[in-house]
There are 2 protein chains.
Amino acid sequence: MRKQSALSLSKLSLAAFASIVAALAVPDTVLAQAVRPPEVRFTTDEAFDAAGIPPYEGNHDEVYRHIEANIADHVKQLQRWVRQQSVSAQNRGIGEMAELVAGDLRQLGFKEVALVPTNGHPGVFGFYDAGAPRTLVIYMMYDVQPEETGWKVPAFDGALVDHDLGRVLMARGATNQKGPERAFLNAIDSIIRTRGKLPVNLLVVAEGEEELGSPNYPQVIDKYEERLKKAHGVYFPMNSQDGTGAVSLPLGVKGILVAELEAAGGAHGGPKNAEIHSSLKAIVDSPAWRLTQALATLTSSDGNTILVPGYYDAIRQPTEAEQRLANGMARASAGREAAMRKGLGVDRFIDELSGRDLLARLLFTTTININGIWSGYTGEGMKTILPHVARARLDSRLVPDQTPDEQLELIRKHLIARGFHDVAVRKISGYAPAQTSVETPIVAASISVFNKYGVTPSVAPRLAGSAPYYIFTDRLRLPMVIGGIGHGSGAHAPNEYMVIEPRPGSRIAGLADVEKFYVDFLYAFAAMK
Amino acid sequence: MRKQSALSLSKLSLAAFASIVAALAVPDTVLAQAVRPPEVRFTTDEAFDAAGIPPYEGNHDEVYRHIEANIADHVKQLQRWVRQQSVSAQNRGIGEMAELVAGDLRQLGFKEVALVPTNGHPGVFGFYDAGAPRTLVIYMMYDVQPEETGWKVPAFDGALVDHDLGRVLMARGATNQKGPERAFLNAIDSIIRTRGKLPVNLLVVAEGEEELGSPNYPQVIDKYEERLKKAHGVYFPMNSQDGTGAVSLPLGVKGILVAELEAAGGAHGGPKNAEIHSSLKAIVDSPAWRLTQALATLTSSDGNTILVPGYYDAIRQPTEAEQRLANGMARASAGREAAMRKGLGVDRFIDELSGRDLLARLLFTTTININGIWSGYTGEGMKTILPHVARARLDSRLVPDQTPDEQLELIRKHLIARGFHDVAVRKISGYAPAQTSVETPIVAASISVFNKYGVTPSVAPRLAGSAPYYIFTDRLRLPMVIGGIGHGSGAHAPNEYMVIEPRPGSRIAGLADVEKFYVDFLYAFAAMK
């Protein structure tokens, strides 16, 4: 028997259709090339130079010697922290880690320690009363990202591994953020054991939901707000050296909006209850296509320019002070793009950006990123279905003066204007950006200690990443500084590590120097005018 | 301290940018409304009516009584088949199921039975020599889809469940395809036990990869090609009654192309080795966005019209014979759209189609469907990453004269023309459509048996679904008929079932009648001119 297709048959008449398709292709292609995020305008080429601030002159030999003598135990303390899983996204080990942090604070001599219940994971509050005139708030996060595939060692073993850069602690949380946090507590421990007490009072306010976007951290602050407001600054321990030993000292962070887009079957069409056979696509709408089409309207075809009307409108141009910081960063990092790309595992940056342009795009612009997208059958082999639901998680990094709710509203309005009434937009979390001025004494104190260790920082107007520091800078109205010496990498990625013993000749600080930095910073803060 | 954002600052200049965005919005919106798949043209309103073919008059009482007397055991045989898992996508229970099929054939008296090795899961061949003048090829698939969430009973327990339609076997494979296949073997068993032998010779050629798109079925055919070509027709046992008892007898199937699209980091940009922190989206390209943008170019914004140039070109308009079949179907199914929607769990069909238009869209047009899409973190909570890879699985249902390789090439060319060199297109599997003419004697034999059971079929030019029947119709040049009475639903979905005992007054056949149909069909085939 022969197929009927062997008979002579006319083709479908497609002329009008083809011309519409052709018409579509043109503007889109042109746009892909023409559209770029709005330019960041520089009005000065002057550069801030942190080398102009004299090195910190204090000397705390007795404390340094205690650190050196106990460094093997100090490494074990870091391992103890990373071995305690605390994956906030999966509520894995959270209670245990909160108790571990609280217990360590008590053991160090914090007289007032409490777990702070929230609508989510608990916060940890601790007050160390040194009877000192100055009080420093210590921000901590005790949660970590879920482990991913691609790890060379188990993510929660706390393995010490030989690495190009020296001996490293390789574990989830090694650098983000347990390593530097516990190193900071090691430094406190050595001060107290040698000097009897700290030079400053400390208010620790730790959270277990940083990796979830800190949805309930305001509740931790609520309880202690009046006491916190009377402090003189906020500090967050961090490994600030990169793989070459260079330091960027960020004076702020971007805000963030995390939202979920969901397309599902409903009155508008598509399967409502469960997936159906994919042959029915001929007559049934597809939520997976609707989500894809809705998402595609958010950006240019290269995915790099946001096409949501007004999305860039709230961004203010950088101040002259911020421009000077960016100019200083650009000079300090000149020619290091290749190393940066290597570190990230990327062959090129968007638009082949380099130098100040690269920094400006990274620090002064907003983003919309797909964290995850999923629909239908994603297992082995194949399953020919028409899925009834499709979801994408987006995050948008926000710069002054963007706010998460306003940006979310722009996305919502845009999708409705483009006819995507059937695509639900849900806010998962979000907070505003934060900014501390370079003229603040705590910033000068921090820079002076960096200079003592021969690592003059490239002072950044902000991090490209996000943290809920608006709580400190806007709500408590405190200046905030972040980071010290030390190096780690792989946050939110496989094989996260922190360098413990750098290879000889390295500019990267080992754990002992990381801790000495924290000692000096506490004394410099105490001595600040 | 105050944020620097409190200072007076200029907004970014966005005029030119906004105008480009506005320009983009217009054509796309217009297109979403204007674009429809090419129309199917009808040149006749005449309808084929299967009632014009006289009912089969043969009577095989002794066999029917044997079926009635042994129906409890026959149900157990179906349960035995569905309890043996055989998920081809996950290589679960495949070897065991192949052995089970082979063992059953031997037990029935097939003298020649063999597992047929392929590059994938084995085929099963069986020859029953009745010394009869006519030989029928029996196509079988012994694999099933993976089970999904949403099952009321465990998918592989073989539970008998009370259902709106009566007592049903609820299990993966109950209707697709183990239920009707084992019912067919039950029918054979009853003939042999009462009459000593079958009225026809049988050549069983079963495969274990139908749900994977039958990539290696040609290898099963290769080994027996010359013997198979000498047969007189091909039959595939199937529950052809819908929930109301109506039967559609399809004379062909659509072909299929399954392809994977993958965007990943590389020389063109994006992270190459692993996901990176999502804040880097500001300067690093996103494979997830690239996949989304590439996919979005394939269809109109409603996801229902394919915008790949030329994708509809190879489709021939239906022949007059096919039009008459469609007209007959439309009359037989008039007013049943609401029941169809209810069965599928959808509130509306695309473009509110109904009647012949709905059938034409379902049977005479091609599709591109997203089976699954995945990138980044898709677990609980959130993870703010920029994923290094994003994938989508597409299937396209093909009608004459489309071929999978030509359609794939159109997609490939289109993506390159639109600048998506970085998006890889991989063929997973594919085969051409198949067609049998309504004038073939085996079709008339089949219709006569349906008419005997008072269920005159609505003869369909083809199924909207796909199966590798081109192997029979094009390669072996045999006519093929599919299906009998009986009802099941939920193929590729939760709570798949086959009706065993219909509720009183139902037009749906119970298992005993399903088996009697198969008995009569074998005798009708044997008697065919």
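Participant: Before we go on, may I ask you to explain the pattern of salt bridges in this structure?
Facilitator: Note on pairing: side chains with opposite charge can pair once their charged atoms come close. Within the structure shown, the criterion is met by 74 salt bridges over all chains. Among the ionic pairs, B:D351 bridges to B:R361, the shortest N-O distance being 2.9 Å. In this pair, B:D351 sits in the loop between α9 (337-344) and α10 (355-364) while B:R361 sits in helix α10, placing the two residues 10 residues apart along the sequence. A network of salt bridges, in which partner residues are shared, links A:E148, A:R172, A:E496, B:E275 and B:K383.

Participant: I tried to follow the packing of helix α2 (residues 61-69) of chain A against helix α14 (residues 511-527) of chain A on my own but got confused; where do I start?
Facilitator: A pair of packed helices is characterised by two quantities: the angle between their axes and the separation of those axes. All names here are of chain A. Taken N-terminus to C-terminus, the directions of α2 and α14 make an angle of 150°; their axes are 10 Å apart at the nearest point. Considered as vectors, α2 and α14 are oriented roughly antiparallel to each other. Pair α2 / α14 crosses with right-handed handedness. Contacts between α2 and α14 involve V63, Y64, I67 and E68 from the first element and A512, E515, K516, V519 and D520 from the second. Grouping the constituent residues of the contact of α2 with α14 by class yields 5 nonpolar, no polar and 4 charged.

Participant: Just to check I follow, could you spell out the relation of the copies chain B and chain A for this structure?
Facilitator: Copy one and copy two of the chain differ by a rotation about a common axis and a shift along it. Mapping chain B onto chain A calls for a screw motion: a turn of 180° about the axis and a shift of 0.1 Å along it, with 0.1 Å RMSD after fitting. With respect to symmetry, the two chain copies, as superposed, fit the operation of a two-fold axis. If distances are taken from each C-alpha of chain B to the rotation axis, the shortest is found for B:W374, at 2.2 Å. A high fraction, 99%, of the interface residues of chain B reappear at the interface in chain A, so the copies pair face to face through one surface.

Participant: I'm lost on the packing of aromatic side chains in this one. Help?
Facilitator: Between two aromatic rings, the relevant description is the distance of the centres plus the angle of the planes. Overall, the coordinates contain 38 aromatic pairs over all chains when judged by the stated rule. Here the aromatic rings of A:Y217 and A:F472 are separated by 6.1 Å at their centres, their planes lie at 70°, and the arrangement is edge-to-face. One end of the pair, A:Y217, is in helix α6 (residues 217-229); the other, A:F472, is in helix α13 (residues 470-475), and 255 residues separate them in sequence. Given the relative accessible area of 1%, A:Y217 is considered buried. Residue classification places A:F472 among the buried positions, given a relative accessible area of 0%. Their ring planes at 40° and their centres at 6.4 Å tell us that B:F521 and B:F525 sit as a pair that is tilted. Of this pair, B:F521 and B:F525 both sit in helix α14 (residues 511-527), 4 residues apart, which is roughly one turn of the helix. Relative accessible area serves as the criterion here: at 0%, B:F521 is assigned to the buried category. Given the relative accessible area of 0%, B:F525 is considered buried. These aromatic residues form a ring-pair network of at least three members: A:F184, A:Y235, A:F450, A:Y453, A:F517, A:Y518, A:F521 and A:F525. Its end group placed over the ring of A:F127, A:R227 keeps NZ or CZ at 5.2 Å from the ring centre. Seen from the ring of A:F42, A:R356 lies directly overhead, with NZ or CZ sitting 3.7 Å from the centre.

Participant: I'm lost on the sheet that holds strand β14 (residues 389-398) of chain A in this one. Help?
Facilitator: Strands pair in a sheet through their backbones, by hydrogen bonds, and they do so in one of two ways: parallel or antiparallel. Strand order across the open sheet formed by 8 strands is β15(A)-β10(A)-β14(A)-β12(A)-β12(B)-β14(B)-β10(B)-β15(B), with antiparallel pairing between neighbours. Strand pairing shows two members of the sheet lacking a second neighbour, β15 (423-431) of chain A together with β15 (423-431) of chain B, which therefore form its edges. In this sheet, neighbouring strand axes are inclined to one another by 15° on average, regardless of whether the strands run parallel or antiparallel. When strand β10 (residues 255-264) of chain A meets β15(A), the two strands line up antiparallel, connected through 8 bridges. Across the sheet, residue A:A263 finds its bridge partner in β15(A), namely A:V423. The strands touched by helix α7 (residues 287-296) of chain B are β12 (369-376) of chain A together with β10 (255-264), β12 (369-376), β14 (389-398) and β15 of chain B; relative to β14(B), the strand with the most contacts, the crossing angle is about 20°.

Participant: Please explain the sheet that holds strand β2 (residues 123-128) of chain A as it appears in this structure.
Facilitator: All names here are of chain A. Strands sit in the order β1-β2-β6-β3-β7-β18-β19-β5-β4 across an open sheet of 9 strands; the sheet is mixed. In this open sheet, the two strands that pair with only one neighbour each are β1 (112-116) and β4 (159-163). Strand after strand, the sheet turns through a mean of 35° between neighbouring axes, direction not considered. As defined by bridge partners, β1 adjoins β2 across 5 bridges and the pair is classed as antiparallel. Pairing of L115 across the sheet is with V124, part of β2.

Participant: Looking at this model, I keep getting lost on unusual backbone geometry. Mind explaining?
Facilitator: Negative phi characterises most residues that are not glycine, and trans characterises most peptide bonds. With an omega of 5°, the peptide bond between A:P400 and A:D401 qualifies as cis. Summarising the element assignment, A:D401 is placed in the loop between β14 and α11 (404-417). Backbone geometry at A:H492 places phi at a positive 65°, although glycine is not the residue there. Given the relative accessible area of 3%, A:H492 is considered buried. In this structure, B:R477 is a non-glycine residue whose phi angle is positive, near 55°.

Participant: When you look at the environment of B:I221 in this model, what are you seeing that I'm missing?
Facilitator: Residue and element names in this part refer to chain B. Within the secondary structure, I221 sits in helix α6 (residues 217-229). Judged by its relative accessible area of 0%, I221 is buried. Remark: the alpha-carbon pair of I221 and R475, spanning 254 residues in sequence, is separated by 9.6 Å.

Participant: It is not clear to me how the interface of chain B and chain A should be interpreted in this structure. Could you clarify?
Facilitator: Where interface size is given, it is often the accessible area lost as the parts come together that is meant. Chain B puts 144 residues into the contact, and the matching count from chain A is 142 residues. Between chain B and chain A the total buried area reaches about 12,400 Å² when both faces are included, carbon and sulfur atoms providing 59% of it. In this structure, the connection of chain B to chain A is made through 6 salt bridges. Measuring nitrogen to oxygen at the nearest pair gives 2.6 Å for the salt bridge that ties A:E148 to B:K383.

Participant: Can you walk me through helix α8 (residues 320-332) of chain A in this structure?
Facilitator: All names here are of chain A. Counted at 1.5 Å a residue, the expected span for α8 with its 13 residues is 18 Å, and the 18 Å between its end C-alpha atoms agrees. Among the residues of α8, A321, E322, Q323, L325, A326, N327, G328, M329 and A330 are the ones counted as buried. If you follow the buried residues of α8, they end up packed against β8 (248-250), α10 (355-364), β16 (434-435) and β17 (458-460).

Participant: In this structure, what is going on with the side chain of A:Q402? I would like to understand it.
Facilitator: Residues and elements named next belong to chain A. Relative to the helices and strands, Q402 resides in the loop between β14 and α11. Here Q402 falls in the buried class, since its relative accessible area comes to 1%. Look past the residues within four positions of Q402 in its chain and what remains in contact with it is Y311, A314, I315, T366, R397, Q407 and P433.

Participant: How do you make sense of the environment of A:K516 when you look at a structure like this?
Facilitator: Residue and element names in this part refer to chain A. Looking at the secondary structure, you find K516 in helix α14. By relative accessible area, K516 is classed as buried at 10%. For the pair formed by K516 and I188, sequence separation is 328 residues and the distance between their alpha carbons is 9.9 Å. Apart from residues no more than four positions distant in its own chain, K516 is found in contact with Y64, I67, E68 and Y453. Polar contacts involving the side chain of K516 include one to the side chain of E68, which spans 2.5 Å.

Participant: Please clarify how helix α5 (residues 178-195) of chain B should be interpreted in this entry.
Facilitator: Because each turn of an α-helix spans 3.6 residues, side chains separated by three or four positions end up pointing in the same direction. All names here are of chain B. Given a rise of 1.5 Å per residue, 18 residues ought to cover 26 Å, and the 25 Å separating the end C-alpha atoms of α5 matches this to within 8%. By the criterion of burial, α5 is predominantly enclosed, with 16 of the 18 residues buried. Residue G196 follows α5 closely and has a positive phi angle near 90°.

Reading the values: rules and limits
One numbering rule holds for all chains: residues counted from 1, following each sequence as written. Note on labels: chains are lettered from A, ligands numbered from 1, in written order. Only residues with pLDDT of at least 70 get local features here, since the model is predicted, and only at 80 or more are side-chain atom pairs given and counted; chain-wide, interface and lining totals rely on the full set of residues. Side-chain numbers come from the whole structure's heavy atoms, not from hydrogens or water. Note on definitions: salt bridges are taken to be side-chain nitrogens of Lys or Arg within 4 Å of carboxyl oxygens of Asp or Glu. Under the DSSP-based scheme used, a helix requires at least four consecutive residues in state H or I and a strand at least two consecutive residues in state E, with every element numbered from the N terminus. Fitted lines through C-alpha atoms serve as axes, helices being fitted only where they are in contact, and the angles separating the N-to-C directions of these axes extend from 0 to 180 degrees. Our angle categories are set so that under 35 degrees counts as roughly parallel, over 145 as roughly antiparallel, 65 to 115 as roughly perpendicular, and the remainder as oblique. Throughout, a crossing is termed right-handed when the near helix is turned clockwise from the far one, and left-handed when it is turned anticlockwise from it by less than a right angle. Working rule for contacts: check all heavy atoms of both residues, and any pair within 4.5 Å makes them a contact. Each residue gets one label: Ala, Val, Leu, Ile, Met, Phe, Trp, Tyr, Cys and Pro are nonpolar, Asp, Glu, Lys and Arg are charged, and the others, such as Gly, are polar. The fit set for superposing copies consists of C-alpha atoms from residues with pLDDT of at least 70 in both; the fit itself is least squares. Any two rings among Phe, Tyr and Trp, with Trp reduced to its six-membered ring, count as a pair given centres within 6.5 Å; such a pair is stacked if its planes are under 30 degrees apart, edge-to-face if over 60, and tilted if neither. Burial classes follow relative accessibility: with a 1.4 Å probe on protein chains only, a residue under 20% of its type's maximum area counts as buried, one over 50% as exposed, and anything between as partly exposed. Any Lys NZ or Arg CZ that is within 6 Å of a ring centre and within 35 degrees of that ring's normal is treated as a charge sitting over the ring. Two strands are said to pair when DSSP picks up at least two bridges between them. Buried area: the accessible surface (1.4 Å probe) lost by two parts on joining, summed over both. Working rule for helices: expected span equals 1.5 Å times residues minus one. N or O atoms within 3.5 Å of each other form a polar contact, as long as, within protein, one can give a hydrogen and the other can take it, and as long as residues adjacent in sequence are counted only when both atoms are side-chain atoms.

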